[in-house]
Amino acid sequence: MTPKSLPLGPVMLDVEGVRLTGADRRRLNHPLAGGVILFSRNYANGAQLTGLTEEIHALRNPPLIIAVDHEGGRVQRFRDGFTAIPAMLELGWAWDHGQQQARQLAQEIGFVLAAELLAHGVDLSFAPVLDLDRGISTVIGDRGFHSDPLAVGELARAVLHGLKQAGMNGVGKHFPGHGTVSADSHHEIPVDDRTYADIEASDLEPFRRLIDAGVGGIMPAHVIYPRVDDQPAGFSSVWLTQVLRGRLGFDGVIFSDDLSMEGARGAGGVTDRARAAFGAGCDMVLLCNSPDAADELLDNLSHPMPAVSLARLARMHGRSRPGGMARLREDARYAHALHAIAAFGKREGELPLA
C-alpha cells in the first residue's frame, strides 16, 4: 500500500474492530483526520494489534497518530500479553512509605507502559492522570496518584520520564482538575464551584510540574468552573488560552476530551462542539464511539490544521521499536523494569504481571 500524502488533520477518531473496515479507511483518509484512538474492542492479541497499527500507519504520510487510554489499573485497554500496570493510587501508597522508591517505581512503570505500546505500533497513551484523589470523584478514584499536589506532580513527572526513556511523550489530564466533583462527565455535566485561587493553589500544581518537565499534551476536563468561566474547561478560552497557554506557558498539544460525552453536550451539536473546542484553544478534538456523529463532523467541519498545531502534533509520534516484543524482551532495561514492578506487586500482595 502506498501511503497517501496528506497533512494531519485536527480530528482523532476511533475504528470499528480488530481490522480496518472500508468505512474506517474512508474516514481516516479524510483531510480532517489526524489520529486514531484504540479501545479494548480493537485488541485480540499482540500480533493482531501490530497488524492493525501497521495498517493504520500505512494509510497516510505523515502517518496518523495512534493513541490509547492505557493508564493502568481499571483503565488499561490491552491486557493479555501486556504487563498489568498497577492503579496509580498504589503509587501514592508507595509514596507514603518512601518517596524516592515511589519515584523510581513510577519511572519503571512509565517505561514498561510505553515500551510495550511502542513495540505494537501505538504512538501514545493518554496518561498520566493529574487529578487529585480527594475521595469524591468516582470516575477518577484510583486513577489518581494522591490527594497531595506535590505527590501527584512528582509521581507523574517520574512516569513521564519513564515514558520518554522508552520513546513516548505523555498527555496530562484532566485540566484543570476533575477530582473535586462527584459527577461523571461521561454521563453528566459536572460543576466545580471553587474559586480560581483555590484551584490554582492545589489542582494546578501537578500541571505546572508536568509542563516544566516537557509533557507533550494536555487534555482538559468536561467540567464547568462557574466562578472562573461559564463554559466547560475544554470549551473555555479562559482556561485553555489565558491560563494553560498564558499563565502556565504550555506549548504542547491540547487534546479535547471525547466530544460524544455528556459533559460536552452543552456546546451544541457535534460540529458546534468541535468549533467551540478549537475556538477555545484545542489543537485536536476526539470523537469516539459514534460513527454517525463522526460522519456528520467530517462532512460539516471546516478547520484545516494550523501550522503551529501541526508542529505540536508532530512531536507526539512515538519512537518506533524495531523487532516488536521479541526484541523488547531481550532489552536489559525492560527486564529491570519488569522486575521492579513484580517486586512491588509481591509487596502489595499481588503479582501485577499478565
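Please read all numbers here as calculations on a predicted model, not as lab measurements.

### Quick word on the overall build of the protein chain
Helix and strand counts for the protein chain come out as 13 helices and 12 strands. Here the C-alpha radius of gyration of the protein chain, 19 Å, is about what a compact globule of 354 residues would show, namely 20 Å. Considered along the principal axes of its C-alpha atoms, the protein chain spans approximately 55 × 55 × 30 Å. For the protein chain, the residues scored as buried account for 60% of the 354 residues in total. Within the protein chain, contacts between residues at least 6 apart in sequence are counted, and of these 76% link residues at least 24 apart. Looking at the protein chain as shown, the accessible area adds up to about 13,300 Å², and 50% of this sits on carbon and sulfur atoms.

### So, the confidence of the model for the protein chain
Averaged over every residue, the pLDDT of the protein chain is 92; the share at 70 or more is 94%. Contacts of residues 349-354 to residues separated by more than four positions or lying in other chains number 20 contacts, the stretch itself having pLDDT below 50.

### Things to note about the packing of helix α4 (residues 99-119) against helix α5 (residues 149-166)
Remark: α4 packs on α5, axes separated minimally by 7 Å, with the N-to-C direction vectors making an angle of 40 degrees. The orientation of α4 relative to α5 falls into the category oblique. Here the hand of the crossing between α4 and α5 comes out right-handed. Note on element contacts: α5 touches α4 through Glu-154, Leu-155, Ala-158, Val-159, His-161, Gly-162, Leu-163, Gln-165 and Ala-166, opposite Ala-102, Arg-103, Ala-106, Gln-107, Gly-110, Phe-111, Leu-113, Ala-114, Ala-115 and Leu-118.

### With respect to unusual backbone geometry
A cis amide bond links Asn-61 with the next residue in sequence, Pro-62, at an omega value of 5 degrees. With respect to the helices, strands and loops of the structure, Pro-62 is situated in the loop between β4 (60-61) and β5 (65-68). Residues Lys-173 and His-174 are joined by a peptide bond in cis, for which omega reads 5 degrees. Looking at the secondary structure, you find His-174 in strand β9 (residues 171-175).

### Overview of the pairing of β9
Of all five residues in β9, five are buried; the element is thus mostly enclosed. Bridge analysis of β9 against strand β10 (residues 217-220) gives four bridges, and the strand direction is parallel. Each bridged residue has a counterpart across the sheet, and for Val-171 the counterpart in β10 is Gly-217.

### Focus: the sheet that holds strand β3 (residues 33-38)
Across the sheet, which stays open at both edges, the eight strands sit in the order β8-β5-β3-β2-β12-β11-β10-β9 with parallel pairing between neighbours. Where the open sheet ends on each side, the last strands, each with one partner, are β8 (124-125) and β9. As paired strands, strand β2 (residues 11-13) and strand β12 (residues 284-287) are joined by three bridges and run parallel to one another. When the sheet's bridge partners are listed, Met-12 is paired in β12 with Leu-286. Strand contacts of helix α9 (residues 270-280): β11 (253-258) and β12, with the helix running at about 150 degrees to β12, the strand carrying the most contacts.

### Points about the packing of α9 against helix α10 (residues 291-300)
The geometry of α9 relative to α10 is characterised by a closest axis approach of 9 Å and an angle of 60 degrees between their N-to-C directions. Relative to α10, the element α9 is oriented oblique. Note on packing geometry: the crossing formed by α9 with α10 is right-handed. Counting all contacts with α9, which are made through Val-270, Thr-271, Ala-274 and Arg-275, the residues of α10 involved are Ala-293, Glu-296, Leu-297 and Asn-300. Residue composition of the contact of α9 with α10, grouped by class: four nonpolar, two polar and two charged.

### Here we look at the pairing of β11
Within β11, six of the six residues are buried, leaving the element largely enclosed by the surrounding structure. Here β10 pairs with β11 via two bridges, running parallel. By the bridge assignment for β11, Ile-218 is matched with Ile-254. Crossover β10 to β11 through helix α8 (residues 237-247) is right-handed. Sheet analysis places β11 next to β12, joined by two bridges and oriented parallel. Considered in β12, the bridge of Phe-255 is made with Met-284.

### Things to note about the pattern of salt bridges
Tallied over the full model, the rule gives 24 salt bridges. For Glu-205, the salt bridge identified is with Arg-208, shortest N-O distance 3.1 Å. Of this pair, Glu-205 and Arg-208 both sit in helix α7 (residues 204-212), three residues apart, roughly one helical turn. According to the relative accessible area criterion, Glu-205 is partly exposed, its value standing at 23%. On the basis of relative accessible area, Arg-208 is assigned to the partly exposed category, the value being 24%. A single salt-bridge network, built from bridges that share partners, covers Arg-103, Glu-154, Arg-157, Glu-200, Glu-205, Arg-208 and Arg-209.

### A closer look at the side chain of Asp-203
Checked against the element boundaries, Asp-203 lands in the loop between α6 (196-201) and α7. At a separation of 2.7 Å, a polar atom in the side chain of Asp-203 contacts the side chain of Arg-194. Residues in contact with Asp-203, not counting those within four places in the same chain, are Leu-132, Arg-134, Pro-176, Gly-177, Thr-180 and Arg-194.

The rules behind the values
Residues numbered from 1 in each chain as written. Predicted model: local features only at pLDDT ≥ 70, side-chain atom pairs only at ≥ 80, totals over all residues. Heavy atoms only, no water. Helix = DSSP H or I, 4+ residues; strand = E, 2+ residues; numbered from the N terminus. Rg over C-alpha atoms; globule rule 2.2 N^0.38 Å. Buried < 20%, exposed > 50% of the residue type's maximum accessible area, 1.4 Å probe, protein only. Contact = heavy atoms within 4.5 Å. Areas by Shrake-Rupley, 256 points an atom, 1.4 Å probe, with all protein chains shown as cover. pLDDT = per-residue confidence, 0-100. Axes fitted to C-alpha atoms, helices over the stretch in contact; angles between N-to-C directions. Parallel < 35°, antiparallel > 145°, perpendicular 65-115°, else oblique. Left-handed = near helix turned anticlockwise from the far one by under 90°. Pairing = 2+ DSSP bridges. Nonpolar A, V, L, I, M, F, W, Y, C, P; charged D, E, K, R; others polar. Right-handed = clockwise from strand over helix to strand, strands pointing away. Salt bridge = Lys/Arg side-chain N within 4 Å of Asp/Glu carboxyl O. Polar contact = N/O pair within 3.5 Å; in protein donor to acceptor, adjacent residues only side chain to side chain.

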